[in-house]
Every structure is written in structure tokens, then in C-alpha cells.
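Chain by chain, the residues:
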2 protein chains.
Amino acid sequence: MQEIRLALVGFGNVAQGFTQILAEHEEEYARKFDLRFLIVAIADPVRGSLLDPDGVDLGALLQASSQPGGINSLPGEHPDWDALQMIQSAPADALVELSFTNLTTGEPATTYLTEALRRNMNVITTNKGPIALHYDQLAALARLQDLHIGVEGTVMSGTPVLRVGRRLLSNAGIERIQGILNGTTNFILTQMETGQSYTQALQQAQAMGYAEADPAGDVEGFDAAAKVAILARLVLGENLPLAQIERTGITAITLEQVQAAAAAGNRWKLIGSLSYENGKFKGRVRPECLPISHPLAQVSGATNAICYSTHLLGDVTIIGPGAGRLQTGYAVLQDLIAFYCPECIG
Amino acid sequence: MQEIRLALVGFGNVAQGFTQILAEHEEEYARKFDLRFLIVAIADPVRGSLLDPDGVDLGALLQASSQPGGINSLPGEHPDWDALQMIQSAPADALVELSFTNLTTGEPATTYLTEALRRNMNVITTNKGPIALHYDQLAALARLQDLHIGVEGTVMSGTPVLRVGRRLLSNAGIERIQGILNGTTNFILTQMETGQSYTQALQQAQAMGYAEADPAGDVEGFDAAAKVAILARLVLGENLPLAQIERTGITAITLEQVQAAAAAGNRWKLIGSLSYENGKFKGRVRPECLPISHPLAQVSGATNAICYSTHLLGDVTIIGPGAGRLQTGYAVLQDLIAFYCPECIG
């Protein structure tokens, strides 16, 4: 039985979802993959810190994490460390980086990932910032030391669109990618079809926890643009700087436009796309008025989808969740299995 | 550079599509996978036979195959062999089995695959018969000798639904599978929504080459049932004999029913499903009247789709082609890459 010692940066929703999956399937993974995942270190500025080289009890960790400082009440050591100090001293095989997203600098996550790779850890992140902005330098560092970077959770959470694109469809010749890559904006547009104004729909999205208090990252298309950059780099092998992705959000879409589209059998969707134009791939995020027969027109609410248009297969569309604690936790799990039991997975 | 010598049973549409892919991408696969695929043996009762241990010229083979007996006009030997004799004497590393489908006995394909495994070849088939009926015995034989069986093309041609289900979603806990698994019946039902009668729609499907002269395999649900059996065995690990899959076709669906469904915002689809009931998976093929919001309700024409309902991710739906010469040829290619360059693929 191989024991994999994990250090976690952040212990919010995704970390809790991931821990819940591990807790519920510990014996199954031991049997199927001959792997045991131990959480040996945590740094979370609110919930507390932990160092336990034998691996913390996962059920106790989940319970403790529901209250501020709760992790500090668990058995084990509780070092006064920040994430970087944890990475520099924790006895871990892999870092699971779940800090907040920054699409301007990719920090502090990029520093965390870099430091972990330098210290010979495999790394997993569900954080779009470092991957959209600095994937090449991280990948070069990983390659030098024969380490892995897991990024499945950065696009559509645990829906395995990156592995499908990279591994299962790349030989079919991907000529175009179109996606509904942001759940908040798709929820808002779907609500507007029922007659709500943009403002009403946004408020409902906020009330349901989909949209942040400052919704700009979603409604102005920044989140979707970061995912377009990640798809370009990871699936197409193209380096498209985030700043070169044409970006228009949904804030100018009116109820009248949505209703007029519906009357004509069409639907407005915020589409992130990569299309081959004039000898290179062009990245875009913009509202598009799709005919109802388009595979992405039917994707409603907070659900996400990607349509890969390929030379050999034509269109292959994958529809699934784009967020969620268990959903994103599953992406982390799949990345870990891909590192430590590659024959078990794509 | 590893050279992989292939023997082909049958040189019809799928074999030609596969050969076209190889011919167009020979240099790319050599570079990316360090593999060169050589076609060294062919047995086709109409188009001819071939033995060429150095590998036939793929372009010449494609041209020759367009006419009866044409393969016999190529350079190389043209043994007077049937498929079984070819398998017993060809110097091949892998068999690509593309003979006709028989859902009652799985023959002669099962004998071909068995004989090839006994002679230490990896095997690939796009033929539902042997996999729906005899997968376990074939897999046991393969395991004994550390050989591979490639079956991606048996369900939804090159749309990688089997790999997605087996490798990318299995850890998410698949609780139900629902699919539009037969293009002919979906085309007929889609046409009926435009006002055609069942008979008119069937005639159009036949005119377009979707439906056979004897359409029973499609319209009575036999084809979809075989795919349900394959999904049960390959994705869920459940052995569901074909005879135990409840099966109702679309022949009793009337234009009035289709129109009444449309008026109520619903759509009739022929759904193949596996659902967990009373402690075990139940397999079914039957027309179902789906609400238009169901991810499968939107899949029209000859397109196919599978919706995996999972414990951790909820629903993940994959929509793509269900047939076609290049599409099914791609499935063969992917199986080969999975055998000989497993790190390149899922």
C-alpha cells in the first residue's frame, strides 16, 4: 500500500468536499488503487493549521472545519505557519492548492505551486489564475523534476473536459472549441428567459450563492476568458495570453433582447470559444445568439458545457456541472489517481 | 520506432475509414507516439486478400478497395484464405476485426477474436455481437496472456463514451446510464416531429443509408439492447445477459403520439438505460417521452448521446456521432494507441 501525504493550502468548500470524498471512499481506494491518501498538513488563515505526519482523522477534520479556528482543536501540532511556510516545511508528497483566484497576477497561488515543485512535490490546483497566466513556467519546472501538475478542476470542476480534450479527442483534430464556461452568467441568462430583468436575475444568483457580491469576474467574462486561456494551452497546445482574448460580458444584454431571441427560436448564451482563423487560434468570450438546435443552446441554469468540433468526429459535446464542493473535490481526486495510479485513469 | 503489424478482417467502410486516417497521419503518429502502423494482412470475401509483411502502401490500398477484387491487384501475395486462415498464418501483432454483427451467436467474430488471442495478438473490434455476448470469456483469455481487447467502437463509434465511463467517471459512482444509442431510430423519431409518418420516415432513413433493408435490428431495439449490455459489462462491471434486457422498439409509436408529445413540450426518444433497482442494475430499451429540458431530448437526427448520472458529479452527458466510417475508424485508432502508447491516452 502506497501512502500519499497531502498538504492543503486552504480548507474551504472544495477542500472539505475533497476530504469528504476521501473519508467516504478510503477503503475503496485502498482496494482499487492500492493507495492511501493522508492529509498531513493544512494552512488556512481562518480555520486553522495542522501538522500530523501520520495523517489526520478525516471525519474529525471535517467536523472541526465547520467553525473558525476549529482545525486548531484537533489532535496534532498547529504550527503558526502561513501557506508558504507550510510548503517549505511539511513532509508531503503532493500539494493541493485551493487558495483564492487572482486573474491579474496569479498570486499567491503561483508562488505556492512553484515552491512546492522546487521541494519535489506533485501539485494540484483548481485555481484558474496560475494556470491561465503561468502554466508554461510551472510545467517546465515540473518536467525538469519529473513531477506532475493536476489542473482538471480549473475548467468545469470535476466534469472531465480537459482529459477528454487532451487525451481522448486530440487525435481527432480539434478545430474549434465553444463552451458555456461560467455557471453564474448562464443562470442569469436562463432566468431572464422567464421574464426577469438582468438586475433581478443577478440578485437571485447572488441569493443562491452562485454570484459573488462583486459579480464582475463572472458577468464581465473574466472567469470564462481564463478558462478559454486554459483550454487553449492545455487542449490545443496554444499559448494565448489572457489579455489577447477578446472579452464582452453579459451586462449589456437586455430582457428585450432575450425575449426577441426566444420569439425567433434562439437563445443568448455567454460563449467562450477558440476558433482557427487566419492560421491561428483566436480566443473570444462574448454573448452569442444561438439557434435552439445548437447543442449549447439547451444548456440551462448553472450547468456548463463544452463542444469540441473535430476533423474526424465532427462535434462532441460534454455537458456537466461547472462548480460545487464535491464536483471540484472529484477533480482533485482524479488528478491524484492520475499521478499515482496512471493505469487506472486517462 | 515501434512497428505494429495489423491484420484486418473485412475491408468495408470502417476499415477504409481507418486506413484513410492512418494514411493521412502516418508521419504525425510516428512523431507523436513513436509508432508506425503497418497493414500486413487482409481477408475480405469481396474485395480480396493480401499478405505483405512489410506493410502495404496505404494510398494504393484505399484506391484498390473501391472495386470488387481490387485488393488482389496490389503488389504482394494474395493468399486464398478466409478470415480464420488469415488469423492462423498472418505475421501480425494485432487483429482488427470488422466483420458483420450477429447478436444471436456473436459468430463468426467471436471465433476470430478467440483465435487471434490464442495466437498472441491484441484484438480490436467494433462489432457488438462478440462483446455483448462473450466479453467475459474473451477478457479472461486476454488476461491470461497479458493481451488487450479494444472495444471503444462498439458504442457510439469514435465518441469516447466507454473510456469516459470506465476511466473518467467510474470513481464518481455511476448510478444510472441513459442513452440514445441508435441513430436510425432517433432519425426516424426526429423526422416524425416534422409530420412524417413512421413509414415515410423509415423510408427516408433507408434512402439515406441509415437503415438496413431489414430494419428490425434498429427499430425493434436489438442494436440498442446490445449496446446496453456492453455498457453494463464494460462501464458498470455488471454481467447482464442480452436476453434479460427488456426491449421495446419504436414500431408502435404513431405520428399522433409524437405530435401530442410535442404539443405538451415533450419528445419521444428510444432510450437504452441501466438503472439501479432492488439491489441490482436493470437494463431496458424502450421509447420514453422525455421533457424537452432533459439533456437527451435535444439530441436529434442520427446523433447519439449518453447521460451518466453519478453520485459525486450529478449528470454528465456526452453527445456525439454514433456511426460513420471515419468516426468508427477513429475508435480503432484510439484503441491501438491505448495498447501501444498507454501514456498517450486514457
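All values reported here derive from a predicted model rather than from experimental measurement.

Definitions and limits used
Residues numbered from 1 in each chain as written. Chains lettered and ligands numbered in written order. Predicted model: local features only at pLDDT ≥ 70, side-chain atom pairs only at ≥ 80, totals over all residues. Heavy atoms only, no water. Disulfide = S-S within 2.5 Å. Buried < 20%, exposed > 50% of the residue type's maximum accessible area, 1.4 Å probe, protein only. Core = buried A, V, L, I, M, F, W, Y, C linked by side-chain atoms within 4.5 Å. Contact = heavy atoms within 4.5 Å. Buried area = accessible area lost by both parts, 1.4 Å probe. Salt bridge = Lys/Arg side-chain N within 4 Å of Asp/Glu carboxyl O. Helix = DSSP H or I, 4+ residues; strand = E, 2+ residues; numbered from the N terminus. Nonpolar A, V, L, I, M, F, W, Y, C, P; charged D, E, K, R; others polar. Axes fitted to C-alpha atoms, helices over the stretch in contact; angles between N-to-C directions. Parallel < 35°, antiparallel > 145°, perpendicular 65-115°, else oblique. Polar contact = N/O pair within 3.5 Å; in protein donor to acceptor, adjacent residues only side chain to side chain. Expected span 1.5 Å × (residues − 1). Bend = angle between axes of the 7 residues up to and from the residue.

Caption draft 1: How the structure looks around the state of the cysteines. All names here are of chain A. Scanning all chains against the criterion turns up two disulfides over all chains. Bridging Cys 341 to Cys 344, the disulfide has an S-S length of 2.0 Å. Of all cysteine sulfurs in the structure, the one in Cys 307 sits closest to Cys 289, which takes part in no disulfide; the separation is 17 Å. Among the residues examined, Cys 307 registers a relative accessible area of 1% and is labelled buried.

Caption draft 2: Representation of the nonpolar core. Ranked by size, the top nonpolar core spans 234 residues in total, and within it Leu95(A) and Leu95(B) carry the most contacts. Residues within four places of Leu95(A) in sequence aside, it is in contact with Ala7(A), Val9(A), Met86(A), Ile87(A), Tyr112(A), Leu113(A), Ala116(A), Met121(A), Asn122(A), Val123(A) and Ile124(A). Residues Leu290(A), Leu296(A), Ala297(A) and Ile319(B) belong to the second largest nonpolar core, which totals 18 residues.

Caption draft 3: Focus on the interface of chain A and chain B. Listed by partner, the interface residues are 38 residues for chain A and 38 residues for chain B. Of all residues in chain A, Leu168(A), Asn171(A) and Leu312(A) give up the largest surface area on contact with chain B, accounting jointly for 25% of the area buried on that side. Linking chain A with chain B are zero salt bridges. For the side of chain A that touches chain B, the secondary-structure elements that each account for two or more residues are helix H1 (13-33), helix H6 (161-168), strand E12 (314-320) and helix H12 (325-340) of chain A. Of the residues in the side of chain A that touches chain B, the class split is 21 nonpolar, 11 polar and six charged.

Caption draft 4: Quick peek at the packing of helix H4 (residues 109-118) of chain A against helix H5 (residues 128-144) of chain A. All names here are of chain A. Running from amino to carboxyl end, H4 crosses H5 at an angle of 10 degrees, the nearest separation of the two axes being 10 Å. Considered as vectors, H4 and H5 are oriented roughly parallel to each other. On H5, the residues touching Ala 109, Thr 110, Leu 113, Thr 114, Leu 117 and Arg 118 of H4 are Pro 130, His 134, Gln 137, Leu 138, Leu 141 and Ala 142. Here the contact of H4 with H5 is built from residues that sort into seven nonpolar, four polar and one charged.

Caption draft 5: How the structure looks around the side chain of Asn182(B). Residue and element names in this part refer to chain B. Along the chain, the position of Asn 182 falls in the loop between strand E7 (174-180) and helix H7 (183-193). Only 2.8 Å separates the side chain of Asn 182 from the side chain of Thr 185, close enough to count as a polar contact. Side chain to side chain, Asn 182 and Asp 223 meet in a polar contact 2.9 Å long. The contacts of Asn 182, once residues within four sequence positions are left out, are Asp 218, Asp 223 and Asn 304.

Caption draft 6: Geometry of helix H1 (residues 13-33) of chain B. Residues and elements named next belong to chain B. Taking 1.5 Å per residue as the helical rise, H1 with its 21 residues ought to reach 30 Å, whereas the 26 Å between its terminal C-alpha atoms falls clearly short. If you look at H1, its biggest bend is around 70 degrees, right at His 25. Of the positions making up H1, those classed as buried are Ala 15, Gln 16, Gly 17, Phe 18, Thr 19, Ile 21, Leu 22, His 25, Tyr 29, Ala 30 and Phe 33. Among the structural elements, strand E1 (2-9), strand E2 (35-44), helix H2 (58-64) and helix H12 (325-340) are those in contact with the buried residues of H1. Phi turns positive one or two residues past the end of H1, at Asp 34, with a value near 60 degrees.

It is worth stressing that arrangement in space is one thing and function is another; only the former is reported here.
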